[in-house]
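Report on the structure
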Amino acid sequence: MTAKAQAISVNGLTRRFGSFVAVDHITFDVGAGEVFGFLGANGAGKTTAIKMLIGLLAPSDGDAHVAGFDVKTQRAQIRRSIGYMSQRFSLYDDLTVRENIQLYGGIYGLSDDQIRDRTATLLESLGLSGSAGDLVSKLPLGWKQKLAFSVALLHEPKIVFLDEPTGGVDPLTRRQFWELIYAAASRGTTVFVTTHYMDEAEYCDRVSIMVDGKIATLGTPAELKAQYKVATVEDVFVRLARGAKASE
Amino acid sequence: MSNAVEVRALTKRFDKVVALDELTFDVAQGELFGLVGPDGAGKSTLFRILTTLVLPDAGSATVLGFDVARDLWDIRSRVGYMPGGFSLYPDLSVAENLEFFAAVFGTTVEEGYELIAPVYKQLEQFRDRRADALSGGMKQKLALSCALVHRPEILLLDEPTTGVDAVSRREFWDQLATLKASGLTIVVSTPYMDEAMRCDRVALVHGGRILEIDAPAAIGSGFERPLFAVYGADRYGLLKILRAYPEAASVCLFGDSLHFTAQKQVQVLRSAQDDSVAELTAYLHANGHADARVEPIAAGIEDSFMALMGSAA
């Protein structure tokens, strides 16, 4: 893989809060068009790492490039090149479906024509045309998450960051969500995703497992299972994360 | 033995939305009872009615023999409730949250300590930390401690493991098993099918109704179509090509494989199953998936859940 083909390149990235090292010299690359699973236990440092990658938090040490831009000096360019959705916040509950799409289209700097065209396409592809005028607060969680993902892709970013996009979502809707992820990846979008559902870890091209601020292991699901001689990525995760908890 | 929970034709509407639609079921004393279903199925509304926070529009429900509409305080003092999202006081410390919940129920942390000890011991070193500075797994342990501190007879847990990592989830369910062994009745909702498997019985809820209610192992046995696991490197390509297969009823991602359901009624003959595998494998090989492998498998609860939800939608 050449440097140019890498969507994300992380080298010794570190973040300290006082004496606490939340992210401790992590190093990895994510290839363009890859679906990369960024796993870890609660408190392992995932969210801090993501905040640095999307330019919301300055690293204490090390460096990282996202879509070719430096996270320390080119934050504005990074924000234009990425989409982001989190489980905790993604859409405005008191705006309608259509208003949310229009708002984000405006924020991302799309023209009125682009917003109109993409709104229509998005509503139709999600089967939400009949609900365009409904408040987002009225949508079931699964629909909200699918809409939030599509809105995060509205400006056709090179990379999309998804922080626990399927938390609390039922099995059927989670799968529909992952088909949206695959569809985006097949169009060349790089997907960087966190999840606590270990069956979803199996859907990723490669996964990393973060333990106590460090990347404890990284590889394809098949490689990790072979390396640890276990049947599932969940078994790999439990083995690595449980060791960390015992010493907490 | 009387039932811990009895729900009869329970109905609740919010404007035009029917959240609960003549729901009827029982939970036995000491049972670990699971509720699974999509968001909006009515699970949280059911918890709010059982904890006397919301009144039903029609039908009735009793908790520990007390009526949810009439015996508010009898129920509240005997129920431990973990609402979705944990509902802790973010600007109180771990110890303060626990003391507050104990005080509300007219008891002390010391009196309830024995019951909460297995959970709370893991938190005690953080007792002065504000609740909003806890990780998801620790918030969950604190919320469970707060729900247990007044020594309730029944626990009502609304998605207690959402947003919690796989190791903390296992620990949490180990703790539930211990609490169940002490005689506590537990009603718990979850989006995780591996957790549903650890319940005595599970109800699949959809649109305010129960689609099925049974022991988790028995729920898979109602699956009436031939089911196959399909393995291959290009998962998204396989998904699309399997959907185009003439006999496909449903195709979905499933861990390290895809699950393919055929339209035919169940084939008991081994030879017919072998033919299906050979036909499907040949189809995939002919369509650019030379590494594709097909295996007949038995349905699990997750397959049944998706089939029932798919047909109910």
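Just so you know, these numbers come straight off a predicted model, no measurement behind them.

About the thresholds
- Position numbers for residues count from 1 along each chain, tracking the sequence in the order it is written.
- As a convention, the first chain written is A and the first ligand written is 1, with the rest following in written order.
- Per-residue local features of the predicted model are confined to residues with pLDDT of at least 70, and side-chain atom pairs are confined, for both listing and counting, to 80 or more; whole-chain, interface and lining totals are unaffected and use all residues.
- Runs of H or I in DSSP of at least four residues are treated as helices and runs of E of at least two as strands, each being numbered from the N terminus.
- Comment: burial labels come from other C-beta atoms within 10 Å of the residue's own C-beta, placed from the backbone, where a count of 20 or more is buried, 12 or fewer is exposed, and between is partly exposed.
- The convention used is that axes are lines fitted to C-alpha atoms, helices contributing only their stretch in contact, and that angles between N-to-C directions extend from 0 to 180 degrees.
- Angles below 35 degrees are treated as roughly parallel, those above 145 as roughly antiparallel, those between 65 and 115 as roughly perpendicular, and all remaining angles as oblique.
- By convention, the crossing between two helices is left-handed when the near helix turns anticlockwise from the far helix through less than a right angle, and right-handed when the turn is clockwise.
- A pair of residues counts as a contact when their C-beta atoms, built from backbone coordinates, are within 7 Å of each other.
- Two strands are said to pair when DSSP picks up at least two bridges between them.
- Put simply, a nonpolar core is a cluster of buried Ala, Val, Leu, Ile, Met, Phe, Trp, Tyr and Cys residues tied together by C-beta atoms within 7 Å.
- When residue character is reported, Ala, Val, Leu, Ile, Met, Phe, Trp, Tyr, Cys and Pro are called nonpolar, Asp, Glu, Lys and Arg charged, and the others, Gly included, polar.
- Confidence scores here are pLDDT values: one per residue, from the predictor, ranging 0 to 100.
- Expected span of a helix, by definition, is 1.5 Å for each gap between consecutive residues, and there is one gap fewer than residues.

Some remarks on the overall build of chain B
- Looking only at helices and strands, chain B has 11 helices and 14 strands in total.
- Within chain B, the proportion of its 313 residues that are buried is 47%.

Description of the packing of helix α3 (residues 94–104) of chain B against helix α5 (residues 136–148) of chain B
Residues and elements named next belong to chain B.
- Two numbers describe how α3 lies on α5: the axes approach to 8 Å, and their chain directions differ by 25°. Of the possible angle classes, the one that applies to α3 and α5 is roughly parallel. Relative to α5, α3 is oriented so that their crossing is right-handed. Together, V94, N97, L98 and F101 of α3 and L142, S145 and C146 of α5 make up the contact between the two elements.

Considering the sheet that holds strand β6 (residues 79–82) of chain B
All names here are of chain B.
- Pairing is mixed in the open sheet, where six strands are placed in the order β6-β7-β8-β3-β9-β10. Of all the strands in the sheet, just β6 and β10 (209–214) have a single pairing partner and so form its edges. Across the sheet, the mean angle from the axis of one strand to that of its neighbour is 15°, orientation sign disregarded.
- As paired elements, strand β7 (residues 154–158) and strand β8 (residues 185–189) share five bridges and run parallel to each other. Bridged to D158 within β8 is S189.
- Contacts from helix α1 (residues 43–50) reach β3 (32–36), β7, β8 and β9 (201–206) within the one sheet, and its direction differs from that of β7 by about 150°.
- Against the sheet, helix α6 (residues 166–181) engages β3, β7 and β8, with an angle of about 150° to β8.

Describing the nonpolar core
- Of all hydrophobic cores here, the largest spans 161 residues; its most connected members are L53, F161, F192 and F237 of chain A together with I186 and L258 of chain B.
- When residues of this core are assigned to their parent elements, the largest contribution, seven residues, is made by α5 of chain B.
- Leaving out residues up to four positions away in the same chain, F237 of chain A has contacts with L39, M198 and I209 of chain A together with A166 of chain B.

Focus: the interface of chain B and chain A
- Of the residues lining the interface, 29 residues belong to chain B; the matching set on chain A comes to 30 residues.
- Every element with two or more residues in the side of chain B that touches chain A is listed here: α5, α6, α9 (235–243), β12 (248–254) and α11 (301–312) of chain B.
- When residues of the side of chain B that touches chain A are assigned to their parent elements, the largest contribution, five residues, is made by α11 of chain B.
- Class assignment of the residues belonging to the side of chain B that touches chain A gives a composition of 12 nonpolar, 10 polar and seven charged.

Some words on the pairing of strand β1 (residues 3–14) of chain B
All names here are of chain B.
- Alignment of β1 against strand β2 (residues 17–28), held across eight bridges, turns out to be antiparallel. Pairing of L10 across the sheet is with L23, part of β2.
- In sequence, β1 turns back onto β2 through a hairpin of two residues, with D15 there showing a positive phi of about 55°.

A look at the confidence of the model for chain B
Residues and elements named next belong to chain B.
- Per-residue pLDDT for chain B averages 91, and the proportion of residues at 70 or more is 96%.
- The secondary-structure element of chain B with the lowest mean pLDDT is α11, recorded at 85, while β8 shows the highest, at 98.
- Predicted complex, confidence summary: ipTM 0.87, pTM 0.90.

Focus on the pairing of β3 of chain B
All names here are of chain B.
- When you tally the buried positions in β3, you get five out of five residues, the bulk of the element.
- Of the two faces of β3, the one carrying L32, G34 and V36 and the one carrying F33 and L35 are both buried.
- Bridge count for β3 against β8 is four bridges, and the pairing is parallel. Across the sheet, residue L35 finds its bridge partner in β8, namely S189.
- Of the strand pairs in this sheet, β3 and β9 are connected by four bridges, and their pairing is parallel. Following the sheet pairing, F33 is matched in β9 by R201.

Looking at unusual backbone geometry
All names here are of chain B.
- Backbone geometry places T52, a non-glycine residue, at a positive phi of 65°.
- Structurally, T52 is set in the loop between α1 and β4 (58–63).
- Although it is not a glycine, E159 adopts a positive phi angle of roughly 45°.
- With respect to the helices and strands, the residue E159 is situated in the loop between β7 and α6.

Some details on helix α6 (residues 171–186) of chain A
- Given a rise of 1.5 Å per residue, 16 residues ought to cover 22 Å, and the 23 Å separating the end C-alpha atoms of α6 of chain A matches this to within 8%.
- A positive phi of about 105° marks G188 of chain A, the residue just after α6 of chain A.

With respect to the environment of E31 of chain B
All names here are of chain B.
- With respect to the helices and strands, E31 occurs in the loop between β2 and β3.
- Take E31: there are 20 C-beta atoms within 10 Å of it, and that puts it in the buried class.
- Considering only alpha carbons, one finds E31 and L148, 117 residues apart in sequence, at a separation of 17 Å.
- Excluding its chain neighbours within four sequence positions, the residues that come into contact with E31 are A4, T185, D200 and R201.

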